[in-house]
Each structure stands twice: as C-alpha cells, then as structure tokens.
Amino acid sequence: MKSEHGFTLIELMVTLSIAAILLTVGIPSMSDFIANNKITSQSNILVSFLQNARMEAVKTNRTTQVCVENNASTNSCDGSDWSTGLKLWSDKDNDNSVDANEVIRFYNESPGDITIIAAGFANSDYIEYQATGISDSTGTFDVCDAGRSGEAGARITINSTGRVSSQSIVCP
C-alpha cells in the first residue's frame, strides 16, 4: 500500500489564515518602525555634524560652521530648510565665506518626508562655533515626520556652551 505525503487542503487553509493574521498585525508595526528609524537617523546625522563642528573649531583654533546647503558644488551656504542638506566648513582664511578647500563634510541625502525645524537661533541658516567650542547662539532643532502628526520625534538642543543634546518629543 502506498503512503501519501503532503498537506491536506484544510491544513493549508489553516496555515494561510495564521500567516494572514500575523501579517495584518506585523505590517503596521513595521511601517512605524521604519518611520521612527528615519527620524533617528536624521537626528544622529545632525548631532554628528554639530559635534564635529565644535570639535573641529577647538582642534584647529578657527571658526567653524554647520550650514544649510543643498548643492555640494557651490562654495556657499544658501537656504533655510535644514532638511535639504548640511555643510560643515572651517574658515581657514578668516574671510567669512566658504572656499573649496574649507569644506570638511557635506550631506544632502535627506528623506523627503522628514522635516527639521530650527527655533531660537540668532541665524536660521547656520550654526557657528568659535575656537573655544562655544556656539554663536542657542536653540533647538525639531526632527519630525511630516506625514505623521502626534508621533514620536527628536529635539536637538544646543546650549550656551555649545554642547549638543538630544531628547524624544511628540511632534505637532
């Protein structure tokens, strides 16, 4: 007598039903995880730029800036939307303008749905660190997902000594 191998139709239907239930529960959680990961990633990049600028200013004993920039080929800091890109540069010749040999780091790969809102700074398009490591002004950056209001975000704060800190917030 032959032995039959395989699944019955009922076993297959039960397995597919369980898989459908698990996917229904898991997919929304995964999309929230991805959105929160984008916020964390953008926050870490901004904190890294600010900490790098402070360290570079002290190390080289020169004024260093992090500014809004969305074009790596230009030697300027133009723009006011911190979500579009960042440029870190050190003013080696003290002329208060970006020269090609002064750019230390550049980033413009921001995901389109993440917003970075600056508040409280003296200049809305750049943060400047003096040779002592002190920032030219204090303020905050709120990093949020534009498509999800009331969800978790991050607030990056620069205090009066130039120190950078980050904390979780609920975005508006």
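Everything quoted here is computed from the prediction, not taken from an experiment.

Here we come to the nonpolar core. A general tendency of soluble globular proteins is for nonpolar side chains to be buried together. The biggest cluster of nonpolar side chains holds 25 residues, and the ones touching the most others in it are L50, W82 and F141. Those elements giving two or more residues to this core turn out to be α1 (9–60), β1 (64–68), β2 (86–90), β4 (114–119), β5 (126–129), β6 (139–145) and β7 (152–158). Top element by residues in this core is α1. It accounts for 8 residues. Non-local contacts of F141, meaning those with residues more than four positions away in its chain, are made with L46, L50, W82, I116, I117, A118, F121, I127, A154, R155, I156 and I158.

What follows covers α1. End to end, α1 covers 73 Å across 52 residues, agreeing with the expected 76 Å (1.5 Å per residue, within 8%). The sharpest bend along α1 measures roughly 25 degrees and falls at G26, with the proline P28 sitting one to four residues further on. Those residues of α1 that sit buried are A35, I39, Q42, S43, I45, L46, V47, F49, L50, A53, E56 and A57.

Within this structure, the stated rule accounts for 2 aromatic pairs. Ring centres of W82 and F141 lie 4.9 Å apart, and the angle between their planes is 70 degrees; on these two criteria the pair is classed as edge-to-face. Highlighted residues: W82 in the loop between β1 and β2 and F141 in strand β6, separated in sequence by 59 residues. Of the two residues, W82 and F141, neither departs from the other in class, the shared state being buried. Ring centres of F121 and F141 lie 4.9 Å apart, and the angle between their planes is 40 degrees; on these two criteria the pair is classed as tilted. Of this pair, F121 sits in the loop between β4 and β5 while F141 sits in strand β6; the two residues are 20 residues apart in sequence, bridging distant segments of the chain.

Cut-offs used in this document
Residues numbered from 1 in each chain as written. Predicted model: local features only at pLDDT ≥ 70, side-chain atom pairs only at ≥ 80, totals over all residues. Heavy atoms only, no water. Core = buried A, V, L, I, M, F, W, Y, C linked by side-chain atoms within 4.5 Å. Buried < 20%, exposed > 50% of the residue type's maximum accessible area, 1.4 Å probe, protein only. Helix = DSSP H or I, 4+ residues; strand = E, 2+ residues; numbered from the N terminus. Contact = heavy atoms within 4.5 Å. Expected span 1.5 Å × (residues − 1). Bend = angle between axes of the 7 residues up to and from the residue. Phe/Tyr/Trp six-rings, centres within 6.5 Å; stacked < 30°, edge-to-face > 60°.

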